[in-house]
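# Examining the three-dimensional arrangement
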Amino acid sequence: MTETRLRVYDDTRALFHLPDGVIYFDGNSLGALPLGVAERVNRVITAEWGKELIRAWNTAGWYVQPRRVGDRIARLIGAEAGSVMMGDTLSLKVYQALAAALDMNRERLVVLSDTGNFPTDLYMAEGLIATLGRGHQLRLVAPEEIEAALSEEIAVLYITEVDYRTGRRHDMAKLTTKAHALGIVTVWDLAHSAGALPVDLAGSGADFAAGCTYKYLNAGPGAPAFLYVAPRHADRARAALSGWMGHAKPFAFDLGYAPAGGVERMRVGTPPVLAMAALEASLDIWDRVDIADVRARSLALGDLLIAEVERRCPQLKLVTPRVHERRGSQVSFAFDGGYAAMQALIARGVIGDFRAPDIMRFGITPLYIGEAEVLKAAEIIEEIVKGEVWKRPEYQVVNAVT
Ligand SMILES: Cc1ncc(COP(=O)(O)O)c(C=O)c1O
Ligand SMILES: Nc1c(O)cccc1C(=O)C[C@H](N)C(=O)O
């Protein structure tokens, strides 16, 4: 943390643009826009790209940006300095992590994941397995059965810490310790953890992790993902996506690939400089808040939302764990009319989202959501559900992106 520590919400709310009349509960999918982003991106465009042109790779530090920004993310996820690389999408980063993890455990052929994992992680695993052609198997169990499913047959434990639908949270330290005792390499998807709650990658001994920056980290649509490689593996982890920027000497233009040292080898191609400028502006806020403060507010706001909704609308069934340690930073309810009810809420300015088959999700982002917003939202939820407003035909229209 640098400069003066900001008070969560009291000091941070004013640092975000949010349209009047909107109560935003979708920062777990796309975070709100920090005030400093437009100015920062504009500066990079005009002063760096516009004036420095190609020289900016050196003069403006574009080339070292993925590593420099990675170090700023490292602080938020309990990672060692120099262990986090930025770039690409999370789908690609989990692919790289899984490929490296499987390569470290070549005699075993089972990848263990759970049915609460985000589908892209599973799809990327299927694709990697087909490409490897060595007979690997992707084994899926229910989230609560993961611990019991760890065995000496498993090569890699490949899971998302916080379930995107229910908000259920795995115990990273416990599962990693048990996995290691059985010779299993671990890959953690932190999409719903980074900026949502304290993560201790170094302390828990995780091997690989990856996450995105467009959710709780507020870096905007398509913002770059991050990849963590534990320092003990970084010089031998195989880079499956062996692009030129991860080469030991990219500008030697050798015809053969030789990996760079450390996490640098997990770079692939040219980094998204403009998108990373937006991320840097957002991290200017994160540098000044304590993630423990964010977590404390998140749990209190989550408890408040649960209590208010349960009191007002017993039809909505909580699917998020009540126990603090076992939940991320969202509250989800199952409701048969969930899709339409969410459309009706959005029409009233309460923006959450819906996940099939029946889950209404409310992301809790304490940097810009406070008690007043939660109470107001609960009131509107009651009006929509009790008044059966959601049954109106206009709320039944299904959008392409939900
Ligand atoms: C757990 C998880 N992993 C991966 C993704 C997607 O990654 P990508 O940034 O490649 O779209 C998401 C959300 O889109 C997610 O929730
Ligand atoms: N990445 C997204 C997108 O490009 C469009 C719509 C939604 C998303 C999401 O991030 C979805 C999100 N991972 C989820 O938890 O459902």
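Nothing here was measured: the structure is a model prediction, and the numbers come from that model.

Definitions and cut-offs
Residues numbered from 1 in each chain as written. Chains lettered and ligands numbered in written order. Predicted model: local features only at pLDDT ≥ 70, side-chain atom pairs only at ≥ 80, totals over all residues. Helix = DSSP H or I, 4+ residues; strand = E, 2+ residues; numbered from the N terminus. Rg over C-alpha atoms; globule rule 2.2 N^0.38 Å. Buried ≥ 20, exposed ≤ 12 C-beta atoms within 10 Å, placed from the backbone. Contact = placed C-beta atoms within 7 Å. Near = placed C-beta within 6 Å. Nonpolar A, V, L, I, M, F, W, Y, C, P; charged D, E, K, R; others polar. Axes fitted to C-alpha atoms, helices over the stretch in contact; angles between N-to-C directions. Parallel < 35°, antiparallel > 145°, perpendicular 65-115°, else oblique. Left-handed = near helix turned anticlockwise from the far one by under 90°. Pairing = 2+ DSSP bridges. UniProt positions renumbered as here; feature names shortened; annotations may be inferred. Core = buried A, V, L, I, M, F, W, Y, C linked by C-beta atoms within 7 Å. Domains from an automatic or database assignment.

This part covers the overall build of the chain. The helix and strand tally for the chain stands at 13 helices and 15 strands. The C-alpha atoms of the chain give a radius of gyration of 22 Å, which matches the 21 Å a tight globule of 402 residues would have. Within the span of the chain, comprising 402 residues, buried residues form 47% of the whole. For the chain, long-range pairs separated by at least 24 residues make up 74% of all intrachain contacts whose partners lie at least 6 apart in sequence.

Every residue lining ligand 2 is accounted for by Ser29, Phe118, Tyr164, Ala191 and Val401. In terms of residue class, the shell around ligand 2 is made up of 4 nonpolar, 1 polar and no charged.

This paragraph deals with the packing of helix H11 (residues 291–312) against helix H13 (residues 371–386). Axis separation between H11 and H13 bottoms out at 9 Å; the angle between their running directions is 20 degrees. It follows from the interaxial angle that H11 and H13 lie roughly parallel. Crossing geometry of H11 relative to H13 is assigned as right-handed. Where H11 abuts H13, its residues Leu301, Leu304, Leu305, Glu308, Val309 and Arg312 lie against Glu371, Val374, Leu375, Ala378, Ile381 and Glu382. Among the residues making up the contact of H11 with H13, the classes are represented as 8 nonpolar, no polar and 4 charged.

Turning next to the sheet that holds strand S15 (residues 359–363). Within the open sheet, the 4 strands sit side by side as S11-S12-S15-S14. Their pairing is antiparallel. Unpaired on one side and paired on the other, strand S11 (317–318) and strand S14 (353–355) mark the two borders of the sheet. Pairing between S11 and strand S12 (residues 330–334): 2 bridges, direction antiparallel. Paired with Leu318 across the two strands is Phe333, which belongs to S12.

In this section: the UniProt feature "modified residue: N6-(pyridoxal phosphate)lysine" (unreviewed entry) in the chain. Here, UniProt's "modified residue: N6-(pyridoxal phosphate)lysine" (unreviewed entry) annotation points to Lys215. Along the chain, Lys215 falls in the loop between strand S9 (208–211) and strand S10 (226–229). Using a count of 27 C-beta atoms within 10 Å as the deciding quantity, one classes Lys215 as buried. Here Lys215 is in contact with Gly27, Asn28, Ser29, Gly31, Ala191 and His192, once residues within four sequence places are set aside.

Here we take up unusual backbone geometry. Along the chain, Ala356 connects to Pro357 via a cis peptide bond; the corresponding omega equals 5 degrees. Note on placement: Pro357 falls in the loop between S14 and S15. Positive phi is not limited to glycine here, since Asn218 has a value of about 60 degrees. Relative to the helices and strands, Asn218 is located in the loop between S9 and S10. On the neighbour-count criterion, Asn218 (28 C-beta atoms within 10 Å) is buried.

In this section: the UniProt feature "binding site: pyridoxal 5'-phosphate" (unreviewed entry) in the chain. Here, the residues flagged by UniProt with the feature "binding site: pyridoxal 5'-phosphate" (unreviewed entry) are Leu90, Ser91, Phe118, Pro119, Thr120, Asp121, Thr160, Asp189, His192, Tyr214, Trp244 and Thr270. Maximum C-alpha separation among the annotated residues is 30.3 Å over a sequence range of 181 residues, too wide for a single clustered spot. Take Trp244: it is sitting in the loop between helix H9 (231–234) and helix H10 (273–286). Filtering out sequence-adjacent residues up to four positions away, Trp244 remains in contact with Pro250 and Gly269.

Within the secondary structure layout, Leu304 lies in helix H11. A residue is classified by how many C-beta atoms lie within 10 Å of it, and Leu304, with 16 of them, is partly exposed. Through-space distance from the C-alpha of Leu304 to that of Val374 is 7.4 Å; in sequence the pair is 70 residues apart. Setting aside its immediate chain neighbours within four residues, Leu304 contacts Glu371 and Val374.

The next subject is the site of ligand 1. In the region of ligand 1, 13 residues are neighbours, and Thr89, Leu90, Ser91, Phe118 and Ala191 sit closest. Sorting the residues of the shell around ligand 1 by element identifies helix H4 (90–104) and helix H5 (119–132) as the ones contributing at least two each. A per-class count over the shell around ligand 1 returns 6 nonpolar, 5 polar and 2 charged.

Soluble globular proteins: nonpolar side chains tend toward being buried together. Of all hydrophobic cores here, the largest spans 116 residues; its most connected members are Ile77, Leu98, Val156, Ala210, Leu227, Tyr228 and Ala341. When we break this core down by domain, the ones giving at least three residues each are domain 1 (13–30 + 290–396) and domain 2 (39–286). Ignoring anything within four residues of it in the chain, the contact list for Ala210 reads Leu90, Lys93, Val94, Ala97, Asp189, Leu190, Ala225, Phe226, Leu227 and Tyr228.

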